Amino acid sequence: MLREYSSPNDKISSWLENGDIISLKKGLYIVSEQYRTEKLNLEIIANQIYGPSYVSLDSALQFYGIIPEKVSVVTSVCTKRSKSFENEIGIFSYYGVKEQYAGIGVDTKSKDGKHYFLIATLEKALCDKIIFTKNLQLKSLKAVHRFLEDDLRTDFSGIEKFNLNIIKQCEECGIKSKELTLLEKYLQNIK
């Protein structure tokens, strides 16, 4: 699109100044609202800003309808160092993990049937939430119940079954494995 310009960065600066495009991060832009033909998908944007990454934690739990709260920050997990980006579209937060763990329980989903994004499965999002919640002490099934039911206010009523194999794979990575074992037992009991 900018091949004909001798100074493409000047044209980009001009578009930014005029409000024709919006910067998501250095070198990544989207057209402003007046030029859009479709609604923005924050999950796709999150996948593009910093990656490889997948949407998880509260953002994924809200996507699956498990938590009632509206999420204001799009949270993702990536294989790079943890980082946050704030732009006109929103706040995008990334938690870094090792590749071995990151590759477990990731799925593709769509909101419109045309555009797809990477997102944690429900089970992986719960594991990620436990792993990245600071100072979380889960030493019993009762503690897991309090965390899920009271703190997160989860609603599993529409869930027919959980893929406990995903949680087992996460346990084997050795990150908060005792807590994840308790999560697995808890979910097995409520099936």
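Thresholds applied
Residues numbered from 1 in each chain as written. Predicted model: local features only at pLDDT ≥ 70, side-chain atom pairs only at ≥ 80, totals over all residues. Heavy atoms only, no water. Buried < 20%, exposed > 50% of the residue type's maximum accessible area, 1.4 Å probe, protein only. Helix = DSSP H or I, 4+ residues; strand = E, 2+ residues; numbered from the N terminus. Arc of directions from axis to C-beta. Contact = heavy atoms within 4.5 Å. Polar contact = N/O pair within 3.5 Å; in protein donor to acceptor, adjacent residues only side chain to side chain. Phe/Tyr/Trp six-rings, centres within 6.5 Å; stacked < 30°, edge-to-face > 60°. Lys NZ or Arg CZ within 6 Å of the ring centre and 35° of its normal.

### Considerations on helix 7 (residues 164-172)
Turning to step 1, where the next piece is worked out: Every buried residue belonging to helix 7 is among Leu164, Ile166, Ile167, Cys170 and Glu171, and all of these are buried. The arc enclosing the buried residues of helix 7, seen along the axis, measures out at 155 degrees, which places them on a common side.
Turning to step 2, where the next piece is worked out: Considering only its buried residues, helix 7 is in contact with helix 4 (99-102), helix 5 (122-132) and helix 8 (177-190).
Turning to step 3, where the next piece is worked out: Backbone nitrogen of Asn165 and a side-chain oxygen of the N-cap are separated by 3.1 Å at the start of helix 7; the cap is Asn163.

### Quick word on the packing of aromatic side chains
Turning to step 1, where the next piece is worked out: In this structure the tally under the stated criterion is 7 aromatic pairs.
Turning to step 2, where the next piece is worked out: Ring plane angle 35 degrees and centroid distance 4.9 Å describe the contact between Tyr95 and Phe132, whose orientation is recorded as tilted. One end of the pair, Tyr95, is in strand 6 (residues 91-96); the other, Phe132, is in helix 5, and 37 residues separate them in sequence.
Turning to step 3, where the next piece is worked out: Given the relative accessible area of 27%, Tyr95 is considered partly exposed.
Turning to step 4, where the next piece is worked out: Pairwise contacts between aromatic rings join Tyr50, Phe85 and Tyr94 into one cluster.
Turning to step 5, where the next piece is worked out: Above the ring of Tyr50, the side-chain terminus of Lys80 is found at 5.1 Å from the ring centroid.
Turning to step 6, where the next piece is worked out: Stacked on the ring of Tyr101, the Lys or Arg Lys124 has its end atom at 4.3 Å from the ring centre.

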